[in-house]
Amino acid sequence: MRIYEMESSRNGKYFLAAESEKIVAAYESITGRKLGEYNTHFQSGGRRMCITDSGKYFASAAYGRFGITLFDIETGNELWTIKEVKKVQRICFSADETMLFAINAENKLYSISLIDGSIISIEKGIQSFFSDGTLEVKLTKDECLVWNGTSANLTDKKVLCFCVGNSKVFCSIMGGGIKCFSDSGNELWSAENKLEEHYIKLSCCPEFDYIIGLGFKFGSSRTEPFYFVDVYSAEKGDLIFSAGLNDDFAYTFIDNGKRIVSGTGKVYTLSKNGYILNDKQFNM
């Protein structure tokens, strides 16, 4: 299985690995045990797969006519398919695992019942969404982050990704590093990244109170590491350390941000002082 994309559950206990089309596999993060391999209509691009924190369900989506499908991980059964949602860009589960949220290329947020796949509501003008169970954050088409009745206006920026931790909201800006906001909407700090480097995934590590950026060097040659991690203090935004990741081009955070696993199965573990290569090697 040649892995092109990876996504983890919010708590990092489970993760998905996918080929560019169709085949998706589910894994347990602690052991690397493969829970199953599934034939889907998954299409790469965007973030078109997600897995629940309980490891019970995963969903995959296509940009075209096949829509979104919910799977039971243990049995491999397709529980339902909804084709009404077209041009899907991102999907994620609600924290209580009762709904699936889907964003499409027309900036519509669909709330979908996990019971039967029925559409509960549609909200226009939303291009991304994230929930960690305590905060639900929306990114509007005008690059404005909205949560808890407050907002952070980033209309002159391009937001790539965002995450939530310890009642703070963190977002990655194209060409502009990371910005951190309090739950009341005040900007607490910002951290700049290097030219032609962008963070494509963010994760919080509560154990060390770190915010971790998984980055890509767009101007890099393939003779040097073109993926990397930068680790910052979540409280002050100080850069703690950086490390290159040079064995693959698909990675995801696991174990509450404490580890990163690559598409080749190599595992990087976060210590207080830096990422180290763990002796674990998952069989992907």
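Scroll up to find the structure.
Let us look at the structure shown here. Here the residue index of a chain counts from 1 through its sequence in written order. Residues qualify for local features only when their pLDDT is at least 70, as the model is predicted, and side-chain atom pairs are given and counted only at 80 or more; totals for whole chains, interfaces and linings, by contrast, use all residues. Hydrogens and waters are ignored; side-chain quantities use all the structure's heavy atoms.

### What about the pairing of strand β1 (residues 5-8)?
Line of reasoning, step 1. Across 4 bridges, the pairing between β1 and strand β2 (residues 14-18) is antiparallel. Bridged to Glu5 within β2 is Ala18.
Line of reasoning, step 2. The rule for pairing is simple: two strands pair if DSSP sees at least two bridges between them. Secondary structure elements follow DSSP: runs of H or I no shorter than four residues count as helices, runs of E no shorter than two count as strands, and numbering proceeds from the N terminus. Hairpin connection between β1 and β2: a loop of 5 residues separates the two successive antiparallel strands, and Gly12 in this loop has a positive phi of roughly 75 degrees.

### With respect to unusual backbone geometry
Line of reasoning, step 1. Within the chain, Asn166 stands out as a residue other than glycine whose phi angle is a positive 50 degrees.
Line of reasoning, step 2. Within the secondary structure, Asn166 sits in the loop between β17 (159-165) and β18 (168-173).
Line of reasoning, step 3. Notably, Ser167 is not glycine yet its phi reads approximately 65 degrees, a positive angle.
Line of reasoning, step 4. Exposure categories follow from relative accessible area, calculated using a 1.4 Å probe and restricted to protein chains: below 20% of the type maximum is buried, above 50% is exposed, and the middle band is partly exposed. Residue Ser167 is classed as partly exposed on the basis of its relative accessible area, which comes to 39%.

### Some points on the side chain of Ser113
Line of reasoning, step 1. Relative to the elements of secondary structure, Ser113 occurs in strand β11 (residues 108-113).
Line of reasoning, step 2. Whenever two N or O atoms come within 3.5 Å, that pair is a polar contact, provided that in protein one can donate a hydrogen and the other can accept it, and provided that, for residues adjacent in sequence, both atoms are side-chain atoms. Within the structure, Ser113 has its side chain in polar contact with the backbone nitrogen of Ile115 (distance 3.1 Å).
Line of reasoning, step 3. The contacts of Ser113, once residues within four sequence positions are left out, are Trp80, Thr98, Ser118 and Ile120. The contact definition used throughout considers only heavy atoms, calling two residues in contact when any of these lie within 4.5 Å.

### What to know about the sheet that holds strand β10 (residues 99-104)
Line of reasoning, step 1. Here 4 strands make up an open sheet; going across it, the order is β9-β10-β11-β12 and the pairing antiparallel. Taken across any chain shown, the strands that pair with only one partner, and hence form the sheet edges, are β9 (88-93) and β12 (119-124). Taking each pair of neighbouring strands and ignoring which way they run, the sheet shows an average axis angle of 20 degrees.
Line of reasoning, step 2. Note: β9 against β10, 5 bridges, orientation antiparallel. By the bridge assignment, Ile91 is partnered in β10 with Ala102. Working convention: axes come from line fits to C-alpha atoms, limited for helices to the stretch in contact. Angles between N-to-C directions cover 0 to 180 degrees.

### Digging into the state of the cysteines
When the sulfur atoms of two cysteines share a covalent bond, that bond is a disulfide.
Line of reasoning, step 1. Cysteine sulfur atoms are paired as a disulfide whenever they fall within 2.5 Å. Applying the stated criterion to the full structure yields 0 disulfides.
Line of reasoning, step 2. Cys144 takes part in no disulfide bond, and the closest cysteine sulfur to it belongs to Cys171, at a distance of 11 Å.
Line of reasoning, step 3. We classify Cys144 as buried; its relative accessible area is 14%.

### Looking at the nonpolar core
Line of reasoning, step 1. In this description, a nonpolar core means a group of buried Ala, Val, Leu, Ile, Met, Phe, Trp, Tyr and Cys residues linked to one another through side-chain atoms lying within 4.5 Å. Residues Tyr210, Ile212, Leu245, Ile260, Leu270 and Tyr275 are the most contacted members of the largest nonpolar core, which totals 18 residues.
Line of reasoning, step 2. Listed by contribution, the elements that provide at least two residues to this core are β22 (210-217), β23 (227-233), β24 (239-245), β25 (251-254) and β27 (266-270).
Line of reasoning, step 3. With 4 residues, the single largest contributor to this core is β22.

### A short note on the sheet that holds strand β14 (residues 136-140)
Consider a sheet: its strands pair through backbone hydrogen bonds, and that pairing is either parallel or antiparallel.
Line of reasoning, step 1. Pairing within the open sheet is antiparallel, and its 4 strands lie in the order β13-β14-β15-β16. If you trace the sheet from one side to the other, it starts and ends with β13 (126-131) and β16 (150-153), each paired once. On average, adjacent strands in this sheet sit at an angle of 20 degrees to one another, irrespective of strand direction.
Line of reasoning, step 2. Note that strand β15 (residues 144-147) and β16 share 4 bridges and pair antiparallel. Its bridge partner being in β16, Trp147 is matched across the sheet by Thr150.

### Focus: the pattern of salt bridges
Line of reasoning, step 1. For this document, the term salt bridge refers to a Lys or Arg side-chain nitrogen within 4 Å of an Asp or Glu carboxyl oxygen. Counted by the stated rule, this structure contains 10 salt bridges.
Line of reasoning, step 2. A salt bridge links Lys108 to Glu106; the nearest nitrogen and oxygen atoms lie 3.8 Å apart.
Line of reasoning, step 3. A residue is classified by how much of its surface remains accessible, and Lys108, at 23% relative accessible area, is partly exposed.
Line of reasoning, step 4. A relative accessible area of 45% places Glu106 in the partly exposed class.
Line of reasoning, step 5. Between Asp255 and Arg259 there is a salt bridge; the shortest N-O distance is 2.6 Å.
Line of reasoning, step 6. Arg259 sits in the buried class, given a relative accessible area of 6%.

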